Amino acid sequence: HSPSFRARMSALTFCQIMKIHLTETSAWTGNLFDLRVDSGVATFAGTDIYAGRFPETTTLRPETLQQLDGALTMLEAFDWREIYRPEDVGSTVDDGGSWSIDASSRGRSVSSTGHNAWPSYRSTDITALHEERYGLLREAIFAALRFSVPFGFAPNKQEAEHVVGGNGG
C-alpha cells in the first residue's frame, strides 16, 4: 500500500479509538454542557451560555482529532488526578460548579473531576481555585471542534445579536 493510503488508514484508526467525554455543571443552573467525542463524531448538548454553540452532531476531520490529542497532551490531561477539591488547599466553596473529563487516546486514558477546584498551571498534582489547566483544555477542545463545524453554522442567538448590532440597534 502507498504511504498516503497508510496515512489515511492510520487517521481512520485514530478516529475510531479516540474518546472524550467532557461535562460542566453550575450550582445555579445545572448542566452547562455535555460533549462526547467517539468514533470520529462529536455530540454536544449545551444550556445557558453554551446553548447552540455547536451543532448537536458533527463528524470530525482527522486534523480536528489530531488537535484534540495535541491539547490533551500539551496540558498533560492524562496525568490529572482523579479528583480536585477546594479542601485540597484548605478552602471551602459552597456554590460554584463542577466538571469532569473521561478521555482515551493512543493507549492513554484519564478520568478526572473537580468540584470548585481544578488542576494548577504549575503542576497537575496541585489543586487550583481557578480554572487554569481545565479552562485551557475546554477552550482548546472547543477551538478544535470549530475546525469541523460545517461552514455557515451559527447559533441562532449569535445571529440575532449580530443582526441587531449590524442594524445600529
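Engineer: Quick question: what am I supposed to make of the pattern of salt bridges here?
Structural biologist: Side-chain pairs of opposite charge can arise where the charged atoms are in close proximity. Using the criterion set out here, one finds 11 salt bridges in the structure. Of the charged contacts in the structure, one is a salt bridge between Arg-61 and Glu-63, with a shortest N-O distance of 3.7 Å. Overall, Glu-63 belongs to the partly exposed group, its relative accessible area being 36%. Connected through shared salt-bridge partners, Glu-24, Glu-131, Arg-138 and Glu-139 make up one network.

Engineer: Even after reading the chapter, I still don't get the packing of aromatic side chains, so can you show me in this structure?
Structural biologist: Inspection of the entire model under this criterion finds 10 aromatic pairs. For the ring pair Phe-33 and Phe-44, a centre distance of 6.0 Å and an interplane angle of 15 degrees mean the geometry is stacked. Within this pair, whereas Phe-33 is found in strand β2 (residues 30-38), its partner Phe-44 is found in strand β3 (residues 41-46), the two being separated by 11 residues in sequence. A single burial state applies to Phe-33 and to Phe-44, both of which are buried. Pairing Trp-80 with Trp-99 gives two aromatic rings, centres 5.7 Å apart and planes at 85 degrees, and the pair type is edge-to-face. Highlighted residues: Trp-80 in the loop between α2 (62-74) and β5 (83-84) and Trp-99 in strand β6 (residues 97-105), separated in sequence by 19 residues. Here Arg-61 stacks its cationic end above the ring of Phe-147, 4.2 Å away from the centre of that ring.

Engineer: Can you walk me through the environment of Arg-106 in this structure?
Structural biologist: Position of Arg-106 relative to the elements: it lies in the loop between β6 and β7 (108-115). For the pair Arg-106 and Ile-17, spaced 89 residues apart in the sequence, the C-alpha separation amounts to 7.3 Å.

Engineer: What am I meant to see in the side chain of His-21 here?
Structural biologist: Topologically, His-21 is positioned in strand β1 (residues 19-26). Apart from the residues within four sequence positions on either side, His-21 is in contact with Asp-34, Leu-35, Arg-36, Ser-100, Ile-101 and Asp-102.

Engineer: In this structure, what is going on with the sheet that holds β6? I would like to understand it.
Structural biologist: Read from one edge of the open sheet, 7 strands run β4-β3-β2-β1-β6-β7-β5, paired in mixed fashion. A strand with exactly one partner marks an edge of an open sheet, and here the two such strands are β4 (57-59) and β5. This element, α2, spans β1, β2, β6 and β7 of the sheet and lies at about 115 degrees to β6.

Engineer: Looking at this model, I keep getting lost on the pairing of β2. Mind explaining?
Structural biologist: Both faces of the sheet carry side chains from a regular strand, because those side chains alternate between them. Here β1 runs beside β2; their pairing, made up of 8 bridges, is antiparallel. Across the sheet, His-21 pairs through a bridge with Arg-36, a residue of β2. In this antiparallel pair of consecutive strands, β1 and β2, the connection spans 3 residues. In terms of strand pairing, β2 meets β3 through 6 bridges, oriented antiparallel.

What counts and how
- Residues numbered from 1 in each chain as written.
- Predicted model: local features only at pLDDT ≥ 70, side-chain atom pairs only at ≥ 80, totals over all residues.
- Heavy atoms only, no water.
- Salt bridge = Lys/Arg side-chain N within 4 Å of Asp/Glu carboxyl O.
- Buried < 20%, exposed > 50% of the residue type's maximum accessible area, 1.4 Å probe, protein only.
- Phe/Tyr/Trp six-rings, centres within 6.5 Å; stacked < 30°, edge-to-face > 60°.
- Helix = DSSP H or I, 4+ residues; strand = E, 2+ residues; numbered from the N terminus.
- Lys NZ or Arg CZ within 6 Å of the ring centre and 35° of its normal.
- Contact = heavy atoms within 4.5 Å.
- Pairing = 2+ DSSP bridges.
- Axes fitted to C-alpha atoms, helices over the stretch in contact; angles between N-to-C directions.

Geometry only, nothing functional implied.
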